[in-house]
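Close look at the chain arrangement
What follows is the residue order along each chain.
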Amino acid sequence: MKKEVIVLNCGSSSVKFAIIDAQTGEAGLTGIAESLGNKNASLSYKLNGHKEQVALSENASHSEALNVIQSIISRTGVTPIAIGHRVVHGGEKFTQAALVDDSVLKAIEDYASMAPLHNMANLKGIVTAQQAYPDLPHVAVFDTAFFQTLPEKAYLYALPKSLYREHGIRRYGFHGTSHKFILDSMATMLNQRIEETSIISAHLGNGCSVSAIENGRAVDTSLGFSPLEGLVMGTRCGDIDPSLPGTLQKKLGKSADEISDLLNKQSGLLGISELSNDCRTLEDAAQQGHEGALLAIELFCYRLAKYIAGYMVAVPTLNAIVFTGGIGENSSLIRQTTLGYFAHFGITLDEQKNDAARFGHSGQITATNSTMPVYVVPTNEEWVIASEAATFA
Ligand code: AMP
């Protein structure tokens, strides 16, 4: 019997939904309701290969979108066995997925102080879905859980320790479901047990992170207390001098929230290129000689290469470096430019394989004489959420 799971990812103005076969990862239905709370709210989905668009009322709410999603799901004829909810912040409480009960809902609300936009939207999604599907197990799958194995030296900031004890100020890490999927896939590809698999995994999408995974356990990761630290991202700055937010507030006469907006939404590839946060647009522009696009790609790859090199310290038994996410899976240019920094470590690309690795292709992209294999593996966060939720059914 098929084990089909509804996967829900409620953001501040969107709801992504899918029906996933927990055993095969196959998606019968995928869709997204966007611009919720705005004039142009809309919903689109793909069912068995056919795309459909549904009109939502102006300023449609999450509840309205979830009602429409429920009716779409009922028309598929699928009998779901569970609902898996993506939850961004699980603090230190959740080291794995959890069956939702009152104490789990309370904890998600408590951690909202650390991820206000995300956790409150996630919570809203769970509560609304519980009303729609009262008889199904609802399972919260946390972005942070995979990183609860980080050692103190990796998760603590060099700040007064009382800030950690009293306010939970530490590195939490995000994109955990993606890095976990990459770890599991690499163990299968290398034909070894997860507990003996060591990788550096680079998830490069609109948000970007690198994780160091030693013998199946995360030992370091580039996203920190919030999903702002580390790599250059689409619109997020990643690492900067910690004195800058205060300095900018004074110089520009802006509030803390306005500076946060600048660092989160106006920086990264978009800020440097002064053109776009979209890697495809930047690659096309770079080909035409657009200086901002060329510079943004250069910064992106240099920062990424430095992180990968740094994590080689954290993973002495390294088996492979892996690229994933929209950029990691598709951009041969970003992979080539990043790995170019490793030529003197003996890491050499097979250019044909690198060029061919896109649009869902999975495999090795290094030459046979490379000192370290590098892989491209398409991620599948929904499958991780579905399979974890299915264990509670
Ligand atoms: P994600 O958040 O994982 O969906 O990734 C989104 C990012 O992947 C955007 O910056 C896209 O421009 C980038 N991307 C998707 N397809 C390609 C492609 N064929 N070449 C380069 N970048 C791509």
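Right, let's walk through the structure included here. (Residues numbered from 1 in each chain as written. Predicted model: local features only at pLDDT ≥ 70, side-chain atom pairs only at ≥ 80, totals over all residues. Heavy atoms only, no water.)

1. Side note on the pattern of salt bridges
Oppositely charged side chains can form a pair if their charged atoms are brought close together. For the structure shown, the criterion picks out ten salt bridges. Across the pair Lys180 and Asp184 runs a salt bridge whose closest N-O atoms are separated by 3.1 Å. One end of the pair, Lys180, and the other, Asp184, are both in helix H6 (residues 176–190), four residues apart, so they sit about a helical turn from each other. Residue Lys180 is classed as partly exposed on the basis of its relative accessible area of 25%. Salt-bridge contacts for Glu195 lead to Arg193; the nearest nitrogen and oxygen are separated by 2.8 Å. With relative accessibility at 46%, the residue Glu195 sits in the partly exposed group. When salt bridges that share partners are traced, they join Arg171, Asp220 and Glu229 into one network. (Salt bridge = Lys/Arg side-chain N within 4 Å of Asp/Glu carboxyl O. Helix = DSSP H or I, 4+ residues; strand = E, 2+ residues; numbered from the N terminus. Buried < 20%, exposed > 50% of the residue type's maximum accessible area, 1.4 Å probe, protein only.)

2. Quick look at the sheet that holds strand S12 (residues 320–324)
The mixed open sheet is built from six strands, whose spatial order is S11-S10-S9-S12-S14-S13. In this open sheet, the two strands that pair with only one neighbour each are strand S11 (217–221) and strand S13 (363–364). As paired strands, strand S9 (residues 199–204) and strand S10 (residues 208–214) are joined by six bridges and run antiparallel to one another. In the sheet register, Ile200 faces S10, and the bridge partner there is Ala212. In this fold H6 packs onto S9, S10, S12, S13 and strand S14 (374–376), with an angle of close to 130 degrees to the strand it touches most, S9. Packed on one face of the sheet, helix H13 (residues 332–340) meets S9, S12 and S14 and runs near 150 degrees to S12. (Pairing = 2+ DSSP bridges. Contact = heavy atoms within 4.5 Å. Axes fitted to C-alpha atoms, helices over the stretch in contact; angles between N-to-C directions.)

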